[in-house]
Each structure stands twice: as structure tokens, then as C-alpha cells.
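Structural overview for review
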Amino acid sequence: MLMKTDDNTLARAASDGDTAAFAALIERQYDRLFRLCFRLTGSRTEAEDLCQDICAALPGKLRGFRAEASFTTWVYRVCVNAAHDRRRRAATHANAAEGWGAWELNRRAADDDTAEALDWLIQAMRSLPDDLRDTLALVLDDITHREAGEILSVSEGTISWRISEAKKHLAALRQQEETP
Amino acid sequence: MSDDLDDLKQMMDAATPRPDPDRKAENITLARKNFNNLQEFWGHTRPTSDRPEKGLMSGVRKVLKIMSSRGALTATTALVAIYIAMLSPLGDRLMPMNRADAPLPPAKPAVLTEASDAQTRNKAATSGAAQEEMLAPLVEPEMAADSMAIAPAPAGRVMTSDPATSLIMAEPPAVVFESDTETFANAETNPVKVTSENPVSTFSIDVDTASYAVIRSSLTQGQLPPRDAVRVEEMINYFTYDYIAPNGEAAFQPTVSVSPTPWNPDTQLLQIGIEGTAVEIDDRPPLNLVFLIDTSGSMEAPNKLPLLKQSFRLMLGQLRPEDEVAIVTYAGSAGQVLAPTPASERSTILNALENLSAGGSTAGQAGLQQAYATAAQMAAEGEISRVILATDGDFNVGLSDPDALEAYIAEKRESGTYLSVLGFGRGNLDDATMQALAQNGDGQAAYIDTLTEAQKVLVDQLSGALFPIADDVKIQVEFNPATVAEYRLIGYETRALKREDFNNDKVDAGDIGAGHQVTAIYEVTPVGSPAILNDDLRYGTAAPASGDSDELAFLRLRYKAPGAETSTLIEEPIATEVSGSASFATAIAGFGQLLRGGTYTGEWTYADAIALATETKGADPFGYRAEAIQLMRLAESLSAN
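Residues numbered from 1 in each chain as written. Chains lettered and ligands numbered in written order. Predicted model: local features only at pLDDT ≥ 70, side-chain atom pairs only at ≥ 80, totals over all residues.

**Brief notes about the overall build of chain A**
Counting secondary structure elements, chain A contains 8 helices and 0 strands. Element order for chain A, N to C, with α for helix and β for strand: α-α-α-α-α-α-α-α. Among the 180 residues that make up chain A, the fraction classed as buried is 47%. Sequence separation of 24 or more characterises 61% of the internal contacts of chain A that already satisfy a separation of 6 or more. (Helix = DSSP H or I, 4+ residues; strand = E, 2+ residues; numbered from the N terminus. Buried ≥ 20, exposed ≤ 12 C-beta atoms within 10 Å, placed from the backbone. Contact = placed C-beta atoms within 7 Å.)

**Description of the overall build of chain B**
In terms of helices and strands, chain B carries 22 helices and 16 strands. Across the 641 residues of chain B, 47% fall into the buried class. Considering only residue pairs separated by 6 or more positions, chain B has 80% of its internal contacts joining residues 24 or more positions apart.

**A look at the nonpolar core**
One finds Phe291(B), Leu292(B) and Met632(B) to be the most contacted residues of the largest nonpolar core, which totals 119 residues. Considering every element that reaches this core, the biggest residue donor is helix H20 (residues 584-595) of chain B, with 8 residues. Of the residues that make up this core, three or more belong to each of domain 2 (193-279 + 469-532 + 543-640) and domain 3 (283-411 + 426-432) of chain B. If we skip the residues at most four places from it in the chain, Met632(B) touches Phe591(B), Tyr606(B), Ala609(B), Ile610(B) and Ala613(B). Of all hydrophobic cores here, the second largest spans 58 residues; its members include Ala57(A), Leu62(A), Trp74(A) and Ile163(A). (Core = buried A, V, L, I, M, F, W, Y, C linked by C-beta atoms within 7 Å. Domains from an automatic or database assignment.)

**Observations regarding the pairing of strand S5 (residues 287-294) of chain B**
Among the 8 residues of S5(B), 8 are classified as buried, and the element is accordingly described as predominantly covered. Of the two faces of S5(B), the one lined by Leu287(B), Leu289(B), Phe291(B) and Ile293(B) and the one lined by Asn288(B), Val290(B), Leu292(B) and Asp294(B) are each fully buried.

**Details of the sheet that holds strand S4 (residues 264-276) of chain B**
All names here are of chain B. The strand order across the open sheet built from 5 strands is S1-S12-S14-S4-S3, with neighbouring strands paired in antiparallel fashion. The strands lining the two open edges of the sheet, one partner per strand, are strand S1 (193-194) and strand S3 (252-261). One ladder, built from 6 bridges, connects strand S12 (residues 484-490) with strand S14 (residues 517-526); its direction is antiparallel. The partner of Ile490 across the bridge, within S14, is Ile521. Sitting on the sheet, H20 is in contact with S3, S4, S12 and S14, with an inclination near 75 degrees to S14. (Pairing = 2+ DSSP bridges. Axes fitted to C-alpha atoms, helices over the stretch in contact; angles between N-to-C directions.)

**Describing the confidence of the model for chain B**
All names here are of chain B. Averaged over all residues, the pLDDT of chain B equals 72, while 69% of them reach at least 70. In the model, residues 44-180 has pLDDT below 50 throughout and makes 182 contacts with residues more than four positions away in sequence or in other chains. Two numbers describe this predicted complex: its pTM, 0.51, and its ipTM, 0.82. (pLDDT = per-residue confidence, 0-100.)

**Description of the environment of Ala607(B)**
Relative to the helices and strands, Ala607(B) resides in helix H21 (residues 606-615). Each C-alpha atom of the pair Ala607(B) and Phe591(B) lies 9.8 Å from the other, and the pair is 16 residues apart in sequence.

**Some remarks on the packing of helix H13 (residues 305-316) of chain B against helix H14 (residues 346-354) of chain B**
Residues and elements named next belong to chain B. Running from N to C, H13 and H14 point in directions that differ by 170 degrees, and their axes come no closer than 10 Å. Accordingly, the angle class assigned to the pair H13 and H14 is roughly antiparallel. Facing H13, whose interface residues are Lys309, Phe312, Arg313 and Leu316, H14 presents Arg346, Ile349, Leu350, Leu353 and Glu354. (Parallel < 35°, antiparallel > 145°, perpendicular 65-115°, else oblique.)

**Description of the confidence of the model for chain A**
Mean pLDDT over chain A: 77, with 78% of residues reaching 70 or higher. Here residues 101-110 of chain A scores under 50 on pLDDT; set against residues more than four positions off or in separate chains, the count is 13 contacts.

**Examining the packing of H21(B) against helix H22 (residues 624-640) of chain B**
When two helices pack together, their arrangement is given by the angle between their axes and by how far apart the axes lie. Residues and elements named next belong to chain B. In the contact formed by H21 and H22, the axes pass within 9 Å of each other and the chain directions differ by 170 degrees. The angle between H21 and H22 falls in the class roughly antiparallel. Relative to H22, H21 is oriented so that their crossing is left-handed. Counting all contacts with H21, which are made through Tyr606, Ala607, Ala609, Ile610, Ala613 and Thr614, the residues of H22 involved are Arg625, Ala628, Ile629, Met632, Arg633, Ala635, Glu636 and Ser639. Residue composition of the contact of H21 with H22, by class: 9 nonpolar, 2 polar and 3 charged. (Left-handed = near helix turned anticlockwise from the far one by under 90°. Nonpolar A, V, L, I, M, F, W, Y, C, P; charged D, E, K, R; others polar.)

Okay, structure coming up:
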């Protein structure tokens, strides 16, 4: 029964104190959250820690969800905000070198092509300013521009602008590579 | 998405690792533990003997008590954050600045400490900078200020010297309804008209009640309804009043009364009520019902498809063996789920209903075409066919042109098949389309938010909802400029007709079902009243008023017998004398106007509406009126903050 219920319903039940609903919800959402956390941070351990922050705080925030449209949008906003917090804290400790800045990839990559692609991805993500990178992380996660706007508290237009900026960055990067 | 992003997406997908199963299990355990602790904390209302009489927690409780639910929502995160802060190692460091006026609460919530301890351990294991990280929020108080909703875990939240105050001042989260894809049909509130310039008011009746149910659903969820969701006439028509039932040939008979206006001592309310003949249930013609059910993914919520199934089950009990039922669904592709089946084969119908499940997107038009085709196939001489569309508002996929859809429905209306629209759930309720469809299909639009509402719409009013007794009912009131200086129609904004349309039988208007009641209320300002809003014109004053000075207005009603081409006219003069006192309908009219912003209600408040409604509640056998009073009280509280 619970597995068939949609996330919004589960979240509402959970915010009313339904333990089973919350358990089902977090179980179902965790991988998705982790995926986004990874894309926001570019580091596996950072992503695990970020997930821990979110897991610890989510129960308390859930009451704030009630009036929201979509649980996905809401939880992604929680996620992005938590990532920002972490980034800011990291900045104050001058250890910002982690993450996309110095991405320790577990090079499972068997063939060179893949390795090359990953290198390029690291370079690409590293070259982007934070806001463009966050936006790109969301949009690559199949989030629409409108939803991304809701998540990042900016207008849909801003998202579209950021994506086009990001594309420009990437195009410039490719050109640099091709003309050494 | 362009190609370069597609490439990037592929790379990203390839690069994204799976979460570590151990950390995942740990994190989920942590989340569940915190969740349980929180429930315990919130469920903990039992007063304990060792609780300090005065202190932080009692203060907080007091604050919570006086806060509205809206405030309490916000407080949750803040309160929990403070709570953890006091008990965690970090909290100890924070305590001194509060200790004087905020003693520690009793031992009970110690479990929380455990959670944050566990967390500290986890952090220490994964990050060398755990200690600094824990401290970080202290040096960055602005972080806490920017959003309550981002409080990261173990919560060195802002500790002001007076936590209670900081709770009150916390910015409430923006309360928006579930989503912004709801659209409502409405128009500007009817203005005050000057009788000498504009003596005639014409409108179509409206038997819909959807607006009231939408308002109820908003208020019970702790939000004032969007103004456009409020259609005052639908609120008034939600209730039944003591009207004269028609006798003899006429399909209905108007009941007219004039009473003082509660919100303005210098005006009067003219209430016009009509009640349709009640059809003897036993004599009714056989029904052909085609349920057209939206089974798109969004219908999965418990207040949608499951409620719909329960509602139809209730309705099935009211049908007779010779009635026929068919079910057509639309989601992705339209399909006939149940071929026309006599209502006597109850289990076949119930099984088909039970097997419906939500999934896929919505293709409204294809479904509608199939439903009408099914209805046509079922039609026989002397039977009434009706398509009952049940949806949560997703009526857009595969529909290129809404006007074409309306035109299609209007054309089918000519062929004698009626359409009713039942709305379920909130979030993307397309009220405007629902209204348009029902109006064009000569049907009723209702919004079903609870099983009780289903009972009211589908069972109690079965005869009315399903048996039209008069089509194209139009009301025209001509005010007498000798006695009425100004007037305004309360509600019916979306139902206005042109003056010349009244006598034009080609112009469509609302239908009335068996036993249905329709009420219209005008606020009229008598000649010489201090409440007149428009000054006399300096130039070109109208010809001196002529006419009988003991007549207030002249009422004309037109309707067609179902299927008839030409209309019948009912005429009746309305006398000036005050013939009644403020009624329950008046209280609802006032309530509706307040919800719309109260342009004309002056100093009148929700409290006055509650007082009037309570006074005029009457017998109220099903508790509908009591519920309305409850909603007024909610609106009063919600509008206060």
C-alpha cells in the first residue's frame, strides 16, 4: 500500500506523524538525494556527509512541507540549501579545495575514452561559478527550468539564462581544448 | 535540451556513484530516529511534576498555545533546533547566555542528545574538521536568519536572549496552495448600478456549488481561499432554504423577500429564490450514465480516485435496475472500461470501478468523444443520458484548442446528452475549465472534497443533479427608478447576460434540476437613502421617474421545458415593503463578500457573519449550516494574521 502511494501523500502523512510513511519516504528518496548531493558537491564523501545533514534535519523540517506543491521540489530545495550551508562553512575554514574543485574520482573507468570524458566533466564543472553549477546539476537531473527556479528561489527566466551561460562556458572550454 | 547538455548529462550519469550502502543505512537510521524523537516530543503533552513552573519550555508552550496553526508550523523547526542545541555538547556552550531566565527542561528528551551524539560521531569519522564544523553556525548567525527551512542538523541555531520572542518573530513560510497551476473562473465583483441609467439586470441562473467546496477545502487546510475561487452565488446556492414549492404546471415558482441589509442600515436586500419541482423518484425516466473518469497519474492521491470510487459506489445504490451505467477512462489512451451495463448488475459495475487505477497522462478530448459515443449508443426514447466527468483538473494533454472542446460539448448538448463535471483534489484543479465545460454542457459542476460532499451531490441531490426540469433559465429584474436609486447583484459575475439576450431563446443559460434551489440577492438602495454612492449628474438628468411608487422592481423569469425550443415567461411585480428579516442566505452572502475582499460590506466583519448565521441557522438537519459557521470562524482566525 505504502509503496504505491505518491511522495506528496507520504510526506503529508509523515508530517502528521506517520512513522511508516516517513520510513517509506526516506527509503525511497535516499538514492535520489544522494545523486543530487553528489552532483552539487562533486565528491562522494561530501555527498555522504551532506546526505547525513539532510537526514538529520529532515524530520524537523517536514512540518514546513505541508503547504508545498511537490515533495520533490521541496526536498531538492532543502538539499540545495544544505549544500550552500556546507559550502559556506567550508569556505570559512578555507578547505574549499574539496569537491568539484579537486574531485577524487574512483577511476572505475576501464577505458581511456571514459576516463577522458570524466576528466572533461571535472574540468567543465570546475570551470563554472557556483550558481551555474548548481543550476546545471538540477537541470541534468531532469528537473524542468520552472522547478529549478522554485528550488533555487529565482525566476524561470534566470534559470534559462544560467543554462545558456553554462553552455557558453562549456563551448568556450571545448574551443580552448580544440585549439591548443 | 541541446546536444552538448545531453553529452554532459551522459557523462554525469556515468560519473555519479551509487551511495555507500553502510552510510545509507546509517543515515536513514538517523533520520528515522530523529523523526521518532520528534513525534515523542510533540506528542508529549503530559505535564510532569518536575517541570519548572516558569522557564523556557513553559514559555514556549504558552507561545504555541496562542499561536495560530500557521505560526506553529514555522515554530516547529526553530523549536526543535533550540531544543537540541540545549542538550548537545554545543548546546552546553550556548547555554550560559540563556541560563538566567531559561532553566533546562526535565530529563525526558534525553533521547535527542543521543541522536546528535551519534551524529557527532559520524562526523568525526568522516571529516577531520568535525569540531570546527560544529562550531561554524555560531560564527555565522546570518545563516540562521536567512531561512528557518534550511536549519542543518545538530543545530547551533540562533539563540537570542529571549527564545520566545524569536519564535514569534520568525517569518512564517509563504503559504501558497499546493501548487500554482490552479485556475479559477471569476470576474470583477459586480459594481453598483444607477437605476435611472441602467434599470435592467439580466443573468443566467447557476446551480453549481463547486466554489463552496473549494473554499471549504482551503479553509480547513488553514488557508484563506484565493479570491477568484469565491463565487458568492455558488456559496449561497450550496444551502437549501424555505421556498415555496411550485404547484400545478409551472416548473418552478419564485419566492421573493425584501429585508434590511445587515452590513448597511440604509440599504435593503432583495432575495429571489426559485425551487424546481421535485420529481417523484419512482416516476423518473430511466437514466443512462456514462462515467468518464480521469485515471491520470495525478489521480492517485487518496482524495481523488479512491474518493471517487467510494462516491460512485454511494450513487450506485440510488440507481434502479432499468438504469444503465458505462465507464470510460482517459489516461494516455482513452478506453471503455465497462460496456453499458444495467444497474442491476451491481457486482459487475463495482468490479470495473474497483479495478481502475491511476497512471499515465491525460487525454481529455479523446475520452470525451468516446464517452459521448457510448452515451449515444445507450440512448433510447424517453431516457435521459448524461456524461459524468470526474477529474482533478488535468484536462489538457491532447487537447489543442479549449474553445474547440467547448464547442464540441455545446454541439453534443444539442443532441440531448447532458454533462456534469465533478472536481476532485486540489493542486491543479482547473476550475475555470470545469465551469466552462459544465456550463456548455448544461450540467452542474461540483467539487468533491469529502465523502460527505459526495453524499450531498450524488445521493441526496441525485434527482436534481440528474433530471433537468427546465433548461436555459434566465432572470431579469427591472428596478423601478421611482423607488430604487441604486442596486447591485451579489455574485453571478460569471453569469451576466445582455439585456436583449433575455428574450432570445437561442442564447444558452443555466439549467435547473428537480428540487434544485437557486437564490439571487440584490442589495438595493432606496431613493433618498444616505447610502447612495453615485451623485446626481449635473447635466442631462434622466427623465423624472415614473411608475408605481409601491413597486420596487419587476421580476421576469424565462425557462424552457427540457428539449423545448421556445421559452415560457413568468412575471411578477415586487413590492417595496420589507417582508422579511436577514436570513441565513444573507449571512452566507456577507461571508462570501468578505472572502472576496468586502468592497461593499463596510465595517461588517466575520464575527457579524458568524452571529447572523448562528441566529438564522434553523433546523439544519444535516449539519451543513453548522459547518458553514465553522468555516466562518476559521476564516476569521486566518484573516487575523
